[in-house]
Every structure is written in C-alpha cells, then in structure tokens.
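A closer look at the structure
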Amino acid sequence: MWRTIRISLLLLTLVAVGFSAWFDQHHTTSWQHSVWVGVFPVNADGSRAAARYIDDLREPDFAPLVEFIAREAPRYGVSIAAPVSVRLYAPLRAAPPLLEPTAGALTRVLWSLNLRRFRWQTLHSITRSRPQIALFVLYHDPARTAVLPHSLGLQRGLMGVVHVFAAHSQHDQNAVVIAHELLHTFGATDKYSAADDSPLFPAGYAEPERRPRYPQRYAELMAGRIPLSPTTQVMPDDLSQVRVGPASAREIGWRMR
Ligand SMILES: [Zn+2]
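Everything quoted here is computed from the prediction, not taken from an experiment. (Residues numbered from 1 in each chain as written. Predicted model: local features only at pLDDT ≥ 70, side-chain atom pairs only at ≥ 80, totals over all residues. Heavy atoms only, no water.)

Concerning helix 4 (residues 105-124)
Worth spelling out the cut-off: Secondary structure follows DSSP: runs of H or I at least 4 residues long count as helices, runs of E at least 2 residues long count as strands, and numbering of each begins at the N terminus. Expected helix span is taken as 1.5 Å per residue step, with the number of steps being one fewer than the number of residues. Only protein chains enter the accessibility calculation, which uses a 1.4 Å probe. A residue is then buried if its area is under 20% of the maximum for its type, exposed if over 50%, and partly exposed in between. This arc describes the spread of directions from the helix axis toward the C-beta atoms. The criterion used for residue contact is that any of the two residues' heavy atoms lie within 4.5 Å.
With 20 residues, helix 4 ought to run about 28 Å at 1.5 Å a step, and its terminal C-alpha atoms sit 29 Å apart, in line with that. Among the residues of helix 4, Trp111, Ser112, Leu115, Phe118, Arg119, Thr122 and Leu123 are the ones counted as buried. Projected down its long axis, helix 4 shows its buried positions confined to an angular sector of 120°, all on one face. Among the exposed residues of helix 4, those pointing more than 90 degrees away from its buried face are Leu106 and Leu113. On the buried face of helix 4, the contacting elements are strand 1 (35-43), strand 3 (133-140), strand 4 (152-154) and strand 5 (159-165).

Details of the pairing of strand 1
Using the following cut-off: At least two DSSP bridges between two strands are required for those strands to pair.
Of all nine residues that make up strand 1, seven are buried, and the element is covered over most of its length. Strand direction decides the pairing type here: strand 1 and strand 2 (residues 84-88), joined by five bridges, are parallel. From the neighbouring strand, Val35 faces strand 2, where its bridge partner is Val84.

Points about the coordination of the zinc ion
Stated formally: The donor definition counts N, O and S atoms within 2.8 Å of each metal and applies 3.2 Å to Na, K and Ca; water is not among these atoms, so some sites may look incomplete.
In this structure, His180 (NE2), His184 (NE2) and Asp190 (OD) serve as the protein donors to the zinc ion, at separations of 2.1 Å. Binding-site remark: the zinc ion is held by donors from one chain whose sequence spacing is H-x3-H-x5-D. Of the two residues, His180 and His184 are both situated in helix 5 (residues 171-185); the distance of four residues between them amounts to about one turn of the helix. Of the residues examined, His180 reaches a relative accessible area of 12% and is grouped as buried. By relative accessible area, which is 10% here, His184 ends up buried.

Here we look at the pairing of strand 3
Most of strand 3 is tucked away: eight of the eight residues are buried. Neither face of strand 3 is exposed, since Ile133, Leu135, Val137 and Tyr139 on one face and Ala134, Phe136, Leu138 and His140 on the opposite face are all buried. Taken together, the seven bridges between strand 1 and strand 3 define a ladder with parallel strand orientation. Counted as the bridge partner of Val37 is Ile133 from strand 3. Summarising the sheet, strand 3 and strand 5 pair through seven bridges and their orientation is parallel. Bridged to Tyr139 within strand 5 is Val164.

Brief notes about a nonpolar patch on the surface
For clarity, the threshold we go by: To count toward a patch, a residue needs a relative accessible area over 30% and no salt bridge; like charges are then connected within 9 Å, while nonpolar side chains (Val, Leu, Ile, Met, Phe, Trp, Tyr) are connected within 5 Å. Residue exposure ignores everything except the shown protein chains as possible cover, and the areas themselves are Shrake-Rupley values with a 1.4 Å probe. When a carboxyl oxygen of Asp or Glu lies within 4 Å of a side-chain nitrogen of Lys or Arg, that pair is called a salt bridge.
On the surface, a cluster of nonpolar side chains totalling about 630 Å² of accessible area is made up of Met1, Trp2, Ile5, Leu9 and Leu12. Considering the arrangement of structural elements, one finds Ile5 in helix 1 (residues 2-28). In this structure Ile5 comes out as partly exposed when scored by relative accessible area, which is 33%.

These values are about where atoms sit, not about what they do.
Written as structure tokens, this is what we have:
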C-alpha cells in the first residue's frame, strides 16, 4: 500500500516536472511574447580585474544582444517587436557547478541535475519578475587565463553557463559568445566541425545559397566563423558580422511565413 503511494507520488512529481519543463520550453520558443533573459555575472577567478569589470557592467551593455535578436527574428517571420529582453541581476557569490572535461556518464547526469537545482535556487531568491532563461556569465581575468573553459547552453534546462574574458576590448566578442549560448537554450545545435571548428555546409552558413559561395559575408551564429574559402574562416568582430542561418532559425521555431 505505502509502496504504491510512494511510487505514485514519485510519478506525479516526474509528470509535474516534465510538464513544467515542457511548458517553459514551449513558452520560450512560441515567439508570441518577449522572452525574459536574466544575466547573472559571476567572478570566475576571484580576481580584481573581473570584480572591476562586473562592477562596471550595466544593462545597456547587453543591448547589442537584444538588438541582434530583434534584427534577425523578423527575417524569419517573427512579428513581435522585442523577441528577447535582457535584465542584468546582481553578481552571484557562488559559481554554478562546473563539469570536469574528463567526467564520466554518471558524473555528467549528477552535474546536470545540480545545475538545474542551481538555476532553481537562484531564480527563487528573486522575489519579483523572475526571468525565464538564466545566463550565468563567468568573467575571467585574461592575465590569469589564456584559454577559457567551454561555455554551454542547456537545451531543455533554460539556462546557459558562459565563460568570457573580463576585458573591455573583449566586450563585442563576449556578446557573440553569449548570443550563441542563448540560442542553444532555445534549441539550436552547433554547426561547426568537431575536428577543426570549420563551419559545416550548408547549416553553418549564414547565406548557403550565395553565388559565388565564397567569401561569405557573415558568420552563422551557431557555427561561429565567417567562411572565406573552403579552407579558411575568421572569427567575427561583433554581432554586426553575425546572422542566424536558416537551419538554426528552424530549430528555434522561427518559421518563414
Ligand atoms: Zn555551442
């Protein structure tokens, strides 16, 4: 009897969690309402450089991200004026749980659950206007870190963990990285070759139909580079050199109308 009740409760909880995840996912990719994105800065290395950079951050610093989405979405038939709005929250004292690159399958599962719990706790400490998507942006002092850990955007977790440099000279490139991870949270997949980071054709091209094909004018956001020839590609300087390609647009629910 008790066993049946326990199992039923567990199943009910799973259904509730599953339903609320489905609802959030559906709601953030219906593109009928503005999606609220919360940026939570984190000082990744406890450095003074990162502390100063975070201290200088203001909500308008994320305007290029908002404008980028507002510029791209109408090309795919999204008609609301502000598909995404960004709110900057106070810096977090603790970093989200991080994953060792060598972690095994079980560690990965536990880490992913921990990360979801971290999002839940962070959002529930906010009493008013909770964002739907949480971006934890970890700022690193470039003098201490040469290579950043991999950023990630969880497709069904409505959150991203983004590693960037705490340097004003990096601000525009940081916006590209943040936009990339944001699109992951909407369901977009990577479109570059795992072997050499080159954009995959056609999905990783902003203008796959362009004749001649090279040089491409823009980087596709989920491929991250501008293809200049079949074998050469460059990083974009800022979001003005980036487009959402047709394949990524389809994945996030932007449909040509
Ligand atoms: Zn990615």
